[in-house]
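# What the coordinates show
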Amino acid sequence: METESSGVRSSKSRSWSFSKETLLLAYQSFGIVYGDLCTSPVYVYKSTFSGRLRLHEEDAEILGVLSLVIWTLTLLPLLKYIVFVLTADDNGEGGTFALYSLMCRNSKMGLLRNYEMPYNHQATLEYKPGVHCKESNAGLKIRSFVERNLQSRIVLFIFALLGVSMVIGDGVFTPTMSVLSAVSGLQIKFPGLHQNSIVVIACVILVALFALQHYGTRRVGFFFAPVQIAWLACITSIGVYNIVKWNPSVIQAFSPYYIYNFFKQAGKDGWSSLGGIVLCVTGAEAMFADLGHFSKLSIRVGFTAVVYPCLVVAYMGEAAYLSKHHEDLERSFYMAVPEVVFWPVLIIATLATAVGSQAIISATFSNISQCRALGCFPRVKIIHTSNSIYGQIYIPEVNWLLMLLCLAITLGFRDTHMIGNAYGLAVIIVMLVTTCLMFFIITTVWNRPILWALLFVFTFGSLELLYLSACLAKVHHGGWVPLLLSSLCLLSMSSWHYGTFKKQHFEVQNKISLDRLLDLGPTLGLVRVPGIGLVFSNLNNGVSPMFAHFVTNFPAFHRILIFVSLETQIVPKVPLSERFVVGRLGSPEHHIFRCVVRYGYKDAKRDSHNFETQLLMKVAEFIRQEGDANMARNVNSIVVATISDQVASALEGSKKERKKRVAFKGVFEREKMKAEVQELVEEKENGVSYVIGHTIVLAHDSSSVLKRTAINIYGFLRRNSRRPSVSLGLPHTSVVEVGMVYRV
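Below, the structure is looked at part by part. A quick note: this is a predicted structure, and the numbers were derived from the prediction, not measured.

For the rest of this paragraph, the subject is the overall build of the protein chain. Of the regular secondary structure elements, the protein chain holds 28 helices and eight strands. For the protein chain, with 744 residues in total, the buried portion stands at 56%. Considering only intrachain contacts with a sequence separation of at least 6, the fraction spanning at least 24 residues in the protein chain is 85%. Here the protein chain has roughly 31,800 Å² of accessible surface; of this, 63% comes from carbon and sulfur atoms.

Okay, here's the thing in structure tokens:
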């Protein structure tokens, strides 16, 4: 009985611990994930009625717009993302590129490749809500077609990069739109306040927001969460007040009939206004992209139980006010705030818009981190700000670049209408990319019938295409900006991926065998110097042209040489116990090893001291295991010898002599193993050097214009990004860089 009661207490303790952790993450998520969604009431109605759409006495327009907002919030953030898309996580990571990497890991439809993992991760590929089933014929045909067709794989890859590029565009427009809209409320109390003053105040807030990012998601989340909760309480209470005071009948907008009536009455003007209505779902993609910072359950609990009902009430309250105050279309949000609480609401709104910006900034960091790890983004500094949550990161270069772009947009446009046009286009393109990638996830990863995938795409894709058509009509009114920014990002990322591929292909084509290099040793006069040399290379076999170039020009290398190959797998994290794979090159007296180091795209790689220690421990462990294997073979020799001697019992003296010889050989193997491990320790004391290539990649003179352009862009990005030694966190005084020119 005591055992049973202790088991029950233990189960309850684990359950309480899990619930406590989930609630804590849900609390933090208010400061990171939903901010953009929650601040959209500040500018949705203002942007919707910025065109030719106007209100009439019968309230068909306002009820139609409200009904569109309610059903768009229900279908896209609640049903699409919370119910379906969050399920398609890549080992806890979310975002457009996480969907693509999940698809690549489960098939050959992508351009990303990684070597076979030493552990089984297939369980993470199964469709969580149901039982994993056999792949459908339609899914198999789709996969086979894409796998065989290189052009299809390229288009799919570029499509995924387009989604990431648009997320980066969101990271520029979200802070600008949110902060500028909130600060513009000052003009209600100070009508004579010039627009330039509003812009200056917005710029100061933006600088402060980006300056806080280095504290990390955890601290920022704890700081921002109370602000966001206070903001939700404000808009909910004000919404209830306005519904009761001005027009309780707005509750009728839950009926989809008012959407039909809206388009019937407004016609083309109603369709054009969709570019403003779509802003009600800004930040929905951030819920998925920020998944690595939190958990699925915490995000689902926070949005479903708190955020969604609060937003619906807020939009209903503002619609109720507008139904009686048609003249306040351009400033409806702040005019709907009761006079008594205007200043507190303005202050909280300004702080809340900063919180709203945090959601997409964190999502941008996550997406760029994934792209960089998988060879699709230039080397940048990634700082992990949490020891427990791997996805909580900070990227200084990206942070300050986003800040400069936000300031440029704010100072350049100064108008929330044009910024809203650009913002809506970026938002809806990201959602459409996610919908298309989900089609492949449903058919080829979850192995569900193609009818399910088509139903998903039709339900959500048709709505997104409708919004996209309205946003594209406003390209000339500011919508060109996200297209320009995303095109530049897409060009940079695709060029970096292509250049990286061509560089690695050159190394594979020009590698040499280690035996050939050692055979040339006497001719070159090779000298072994004290210490351990870690030679970084992209090759898993053979010697890279960089090291061959180094040896032929400087014929000396360390007494213990380890060729290190870093691999980024298309999984978020690789267990430390399975990260290092060590092997020996050549005979034992050469003391040359090869080590393949596997990382996930969320693993940190910047602690050189720990890396060095772990690597050498794995080499020592390999030497011991190799020695044990040799001694085991000697034991087998004794057994075989004993059986043979029993058959030939006349050779008794020979039997004893053979046993002594084999036993002596086992002792010799053990002593040799101990001596090699001791030598490894002693050479570590003599110093560890890191040999790494410093290559310049150039295009052949005979290359096409397109290839030459891509390689030139890659070379420019490579020269202006972090050096490999800095990116890996190697100690500067121990690095030996070998210059090479690759003509690809």
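The subject of this paragraph is the packing of aromatic side chains. Taken as a whole, this structure holds 31 aromatic pairs when the rule is applied. Centroid distance Phe190 to Trp343: 5.9 Å. Interplanar angle 55°. Geometry classified as tilted. Placement of Phe190 in the loop between helix H8 (186-189) and helix H9 (195-211) and of Trp343 in helix H17 (residues 342-373) is noted, with a sequence separation of 153 residues between them. Residue classification places Phe190 among the partly exposed residues on the basis of a relative accessible area of 43%. Look at Trp343 and you get partly exposed, because its relative accessible area is 39%. Three or more aromatic residues joined by ring pairs make a cluster, and in this case those are Phe190, Trp231, Phe333, Tyr334, Phe342 and Trp343. Sitting over the face of the ring of Phe342, Lys189 holds its NZ or CZ atom 4.9 Å from the ring centroid.

The subject of this paragraph is the sheet that holds strand S7 (residues 688-698). Pairing is mixed across the open sheet formed by six strands, whose spatial order is S5-S6-S4-S3-S7-S8. Each edge of the sheet is formed by a strand with only one pairing partner; in this case those strands are strand S5 (580-585) and strand S8 (735-743). Sheet twist, expressed as the average angle between the axes of neighbouring strands with direction ignored, equals 25°. Bridge analysis of strand S3 (residues 527-537) against strand S4 (residues 556-569) gives nine bridges, and the strand direction is parallel. Bridged to Gly533 within S4 is Leu561. Sheet strands in contact with helix H24 (residues 545-553) are S3, S4, S7 and S8, and its direction is about 115° off that of S8.

To continue, consider the pattern of salt bridges. If charged atoms from side chains of opposite charge come close, those side chains can pair. Under the defined criterion, the tally for this structure stands at 13 salt bridges. Taking the shortest distance from any N to any O, the salt bridge between Asp89 and Lys296 comes out at 3.1 Å. In this pair, Asp89 sits in the loop between helix H4 (60-84) and helix H5 (96-106) while Lys296 sits in helix H15 (residues 296-324), placing the two residues 207 residues apart along the sequence. Where salt bridges share partners, they join Arg584, Glu626 and Glu676 into one cluster.

Here we come to the packing of helix H7 (residues 150-183) against helix H18 (residues 396-413). It is at 9 Å that the axes of H7 and H18 come closest, and there the two elements cross at 50°. What the angle tells us is that H7 and H18 run oblique. Considering the relative orientation of H7 and H18, their crossing is right-handed. For the pair H7 and H18, the contacting residues are Ile168, Gly171, Val172, Phe173, Pro175, Thr176 and Leu180 in the first and Leu402, Leu405, Cys406, Ile409 and Thr410 in the second. When grouped by side-chain class, the residues that make up the contact of H7 with H18 number nine nonpolar, three polar and no charged.

The next thing to look at is the pairing of S3. In this structure, S3 lies alongside S7, joined through four bridges in parallel fashion. Residue pairing for S7: Leu534 is matched across the bridge by Tyr690.

The next subject is a nonpolar patch on the surface. A contiguous nonpolar surface patch, about 220 Å² in accessible area, is contributed by Leu150, Ile154 and Ile158. Mapped onto the secondary structure, Ile158 falls in helix H7.

Its 17 residues give H9 an end-to-end C-alpha distance of 25 Å, which sits within 8% of 24 Å, the value for a rise of 1.5 Å per residue. By the burial criterion, the buried members of H9 are Ile198, Val199, Ala202, Cys203, Ile205, Leu206, Leu209 and Phe210. Here the buried residues of H9 occupy an arc of 170° about the axis, which is enough to place them on one side. Residues of H9 that are exposed and point over 90 degrees away from its buried face: Val200 and Val204.

This part is about unusual backbone geometry. Peptide bonds are trans in most cases, and residues, glycine excluded, mostly fall at negative phi. Positive phi, close to 60°, is recorded for Asn447, a residue that is not glycine. Here Asn447 lies in the loop between helix H19 (416-445) and helix H20 (450-472). A residue is classified by how much of its surface remains accessible, and Asn447, at 8% relative accessible area, is buried. With a phi close to 55°, His591 is a non-glycine residue in the positive phi region. With respect to the helices and strands, the residue His591 is situated in the loop between S5 and strand S6 (592-600).

S4 sits mainly inside the fold: eleven of its 14 residues count as buried. Of the pairings in the sheet, the one linking S4 to S6 comprises nine bridges and is parallel in character. Across the sheet, the residue bridging to Val564 is Cys595, located in S6.

Between H7 and helix H21 (residues 480-509), the shortest axis-to-axis distance is 8 Å and the interhelical angle comes to 130°. As judged from the angle between their axes, H7 and H21 are oblique. Here the hand of the crossing between H7 and H21 comes out right-handed. Where H7 approaches H21, its residues Phe157, Ile158, Leu161, Leu162, Val164, Ser165, Met166, Ile168, Val172 and Phe173 are matched on the opposing element by Val481, Pro482, Leu483, Leu485, Ser486, Cys489, Leu490, Met493, Ser494 and His497.

Further remarks concern the environment of Leu425. Tracing the backbone through its elements, the reader meets Leu425 in helix H19. In this structure Leu425 comes out as buried when scored by relative accessible area, which is 0%. As for Leu425 and Ala473, which are separated by 48 residues in sequence, their C-alpha atoms are 9.9 Å apart. When sequence neighbours within four positions are dropped, the list of residues in contact with Leu425 reads Leu468, Cys471, Leu472, Val475, Gly479, Pro482 and Leu483.

Parameters and conventions
- Residues numbered from 1 in each chain as written.
- Predicted model: local features only at pLDDT ≥ 70, side-chain atom pairs only at ≥ 80, totals over all residues.
- Heavy atoms only, no water.
- Helix = DSSP H or I, 4+ residues; strand = E, 2+ residues; numbered from the N terminus.
- Buried < 20%, exposed > 50% of the residue type's maximum accessible area, 1.4 Å probe, protein only.
- Contact = heavy atoms within 4.5 Å.
- Areas by Shrake-Rupley, 256 points an atom, 1.4 Å probe, with all protein chains shown as cover.
- Phe/Tyr/Trp six-rings, centres within 6.5 Å; stacked < 30°, edge-to-face > 60°.
- Lys NZ or Arg CZ within 6 Å of the ring centre and 35° of its normal.
- Pairing = 2+ DSSP bridges.
- Axes fitted to C-alpha atoms, helices over the stretch in contact; angles between N-to-C directions.
- Salt bridge = Lys/Arg side-chain N within 4 Å of Asp/Glu carboxyl O.
- Parallel < 35°, antiparallel > 145°, perpendicular 65-115°, else oblique.
- Left-handed = near helix turned anticlockwise from the far one by under 90°.
- Nonpolar A, V, L, I, M, F, W, Y, C, P; charged D, E, K, R; others polar.
- Patch = residues over 30% accessible without salt bridge, like charges linked within 9 Å, V, L, I, M, F, W, Y side chains within 5 Å.
- Expected span 1.5 Å × (residues − 1).
- Arc of directions from axis to C-beta.

What is shown is where atoms sit, not what they do.
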